Amino acid sequence: MAQTPDEPLTMTVHSLPTPDQAGATSAAATRRGRWKMIALLLVCASPVIASYLTYYVIRPEGRRNYGELIQPQRELPAWQGIDTQGQPVPLSNLKDQWLLVSVADTTCNDACQNHLLLQRQLRETLGREKDRLDWVWLRTGDAPLDPALQQATAAATVLQVPADELARWLEPAPGKRIEDHLYVVDPIGNWMMRFPADLDPKQAKRDLDRLLRASAFWDRPGRER
């Protein structure tokens, strides 16, 4: 059999990129990485943004809120409250749930007791959605909590807080006191609504229903532990 004569090996040499070309490639990769990160953040935040757009912007014509929307919203303060067992609790622990908040001195007069009753009733009327709303009483003053009142609010989150700090976060309507209102805090931890004094439970429930519906696809019952 005839043999094929040996052929010389050939090798193709590709030119290496110049320093300027390498720098341009690296800068382009960095830009692409930043855009990917921004896109990822937008995807993660989109459910929250969409629910707020649904509630605040895309509203049926003629629809009115009963509660007053707070602009700008105010984030939960960084200080601590004291629970009924005497343990410190950071207010940031209240995040990841809708909060319906009342404020009153620990002695809790008739108006205070009425607010506590309204809070419990409003939460119960939400039916299966009630686990997405926490009943919160921020109590002021140094008086001990009456055992009967503690038992009546066993289903609530009750925290003793300094009145002066509280007044720097929550604010009543003109001519009203901080104790006259119920306040709504969203799961992100922002105070975003104030219900009028002399609360109409039916209208307040309508607002709560709308808020829960608007956030249903990203907010879930319970806090992540």
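Model, not experiment: these values are computed from the prediction.

Definitions and cut-offs
- Residues numbered from 1 in each chain as written.
- Predicted model: local features only at pLDDT ≥ 70, side-chain atom pairs only at ≥ 80, totals over all residues.
- Heavy atoms only, no water.
- 1 Å grid on protein atoms, 1.4 Å probe; cavity = no way out; pocket = protein on both sides within 12 Å on 5 of 7 lines; lining within 4 Å.
- Points joined across faces, edges and corners; volume = space filled by probe spheres on them.
- Helix = DSSP H or I, 4+ residues; strand = E, 2+ residues; numbered from the N terminus.
- Nonpolar A, V, L, I, M, F, W, Y, C, P; charged D, E, K, R; others polar.
- Core = buried A, V, L, I, M, F, W, Y, C linked by side-chain atoms within 4.5 Å.
- Buried < 20%, exposed > 50% of the residue type's maximum accessible area, 1.4 Å probe, protein only.
- Lys, Arg positive; Asp, Glu negative; His and termini not counted.
- Salt bridge = Lys/Arg side-chain N within 4 Å of Asp/Glu carboxyl O.
- Contact = heavy atoms within 4.5 Å.
- Pairing = 2+ DSSP bridges.
- Expected span 1.5 Å × (residues − 1).
- Disulfide = S-S within 2.5 Å.
- Arc of directions from axis to C-beta.
- Polar contact = N/O pair within 3.5 Å; in protein donor to acceptor, adjacent residues only side chain to side chain.

Undergrad: Please give an account of the layout of surface pockets that cites residues and values.
TA: Taken as a whole, the largest pocket encloses approximately 270 Å³ of empty space. Surrounding the largest pocket, 17 residues form its lining, Ala111, Cys112, His115, Glu179 and Asp180 being those nearest its centre. Sorting the residues of the lining of the largest pocket by element identifies strand S4 (98-105) and helix H2 (110-125) as the ones contributing at least two each. The element contributing the most residues to the lining of the largest pocket is H2, with five residues. Split by residue class, the lining of the largest pocket holds eight nonpolar, four polar and five charged.

Undergrad: Explain the nonpolar core to me, and be specific about the residues and the numbers.
TA: With 20 residues, the main nonpolar core has Leu138, Leu166, Trp169 and Leu170 as its most contacted residues. When contributions to this core are tallied by element, the ones reaching two or more residues are S4, strand S5 (133-140) and strand S7 (183-185). The biggest single contributor to this core is S4, with three residues. Counting residues in hydrophobic clusters, the runner-up holds 17 residues, among them Leu100, Leu126, Val184 and Leu199.

Undergrad: Explain the side chain of Arg139 to me, and be specific about the residues and the numbers.
TA: Mapped onto the secondary structure, Arg139 falls in strand S5. No salt bridge is formed by the buried Arg139; the nearest opposite charge belongs to Asp83, separated by 7.7 Å. If near-sequence neighbours (up to four positions away) are discounted, Arg139 is found in contact with Ala104, Thr106, Leu145, Val158, Leu159, Gln160 and Val161.

Undergrad: Tell me about the pairing of strand S8 (residues 190-194), and name the residues and values.
TA: Counting buried positions along S8 gives five out of five residues, so the element sits mostly inside the fold. Where strand S1 (residues 68-75) and S8 come together, four bridges link them in antiparallel fashion. Opposite Arg74, over in S8, you have Trp191 as the bridge partner. Pairing between S7 and S8: three bridges, direction antiparallel. Bridging across to S8, Val185 finds its partner in Trp191.

Undergrad: Can you lay out unusual backbone geometry for me, pointing to particular residues and giving the numbers?
TA: Cis geometry is found at the peptide bond from Gln71 to Pro72, where omega equals -5°. Looking at where Pro72 falls in the secondary structure, it is placed in strand S1. The phi dihedral of Asp96 falls on the positive side, at around 75°, and the residue is not glycine. With respect to the element layout, Asp96 can be found in the loop between strand S3 (88-90) and S4. Among the residues examined, Asp96 registers a relative accessible area of 40% and is labelled partly exposed. A positive phi angle, close to 55°, is found at Asp198, a residue other than glycine. Here Asp198 is to be found in the loop between S8 and helix H5 (201-214).

Undergrad: Account for H5, with residues named and values stated.
TA: With 14 residues, H5 extends 20 Å from end C-alpha to end C-alpha; this agrees with the ideal 20 Å at 1.5 Å per step. The complete set of buried residues in H5 reads Ala204, Asp207, Leu208, Arg210, Leu211, Leu212 and Ala214.

Undergrad: Help me get a handle on the state of the cysteines, residues and values and all.
TA: A complete count under the given rule lists one disulfide for this structure. Each disulfide pairs two cysteine sulfurs, and for Cys108 the partner residue is Cys112, the sulfurs being separated by 1.9 Å. Classification of the bridge connecting Cys108 and Cys112 rests on its S-S torsion, roughly -90°, and on that basis the disulfide is left-handed. The exposure class of Cys112 is buried, given its relative accessible area of 7%.

Undergrad: For H2, give the residues involved together with the corresponding values.
TA: With 16 residues, H2 ought to run about 22 Å at 1.5 Å a step, and its terminal C-alpha atoms sit 22 Å apart, in line with that. For H2, the full list of buried residues reads Cys112, His115, Leu116, Leu118, Gln119, Leu122 and Arg123. Down the axis of H2, the sector holding all buried residues measures 160°, keeping them to one side. Looking at the packing, one finds that the buried side of H2 touches S4, S5, helix H3 (147-152) and H5. Between the side-chain oxygen at the start of H2 and the backbone nitrogen of Ala111 there is a gap of 3.2 Å, and the oxygen is on Asn109. Positioned one or two residues after H2, Gly127 has a phi angle of 60°, which is positive.

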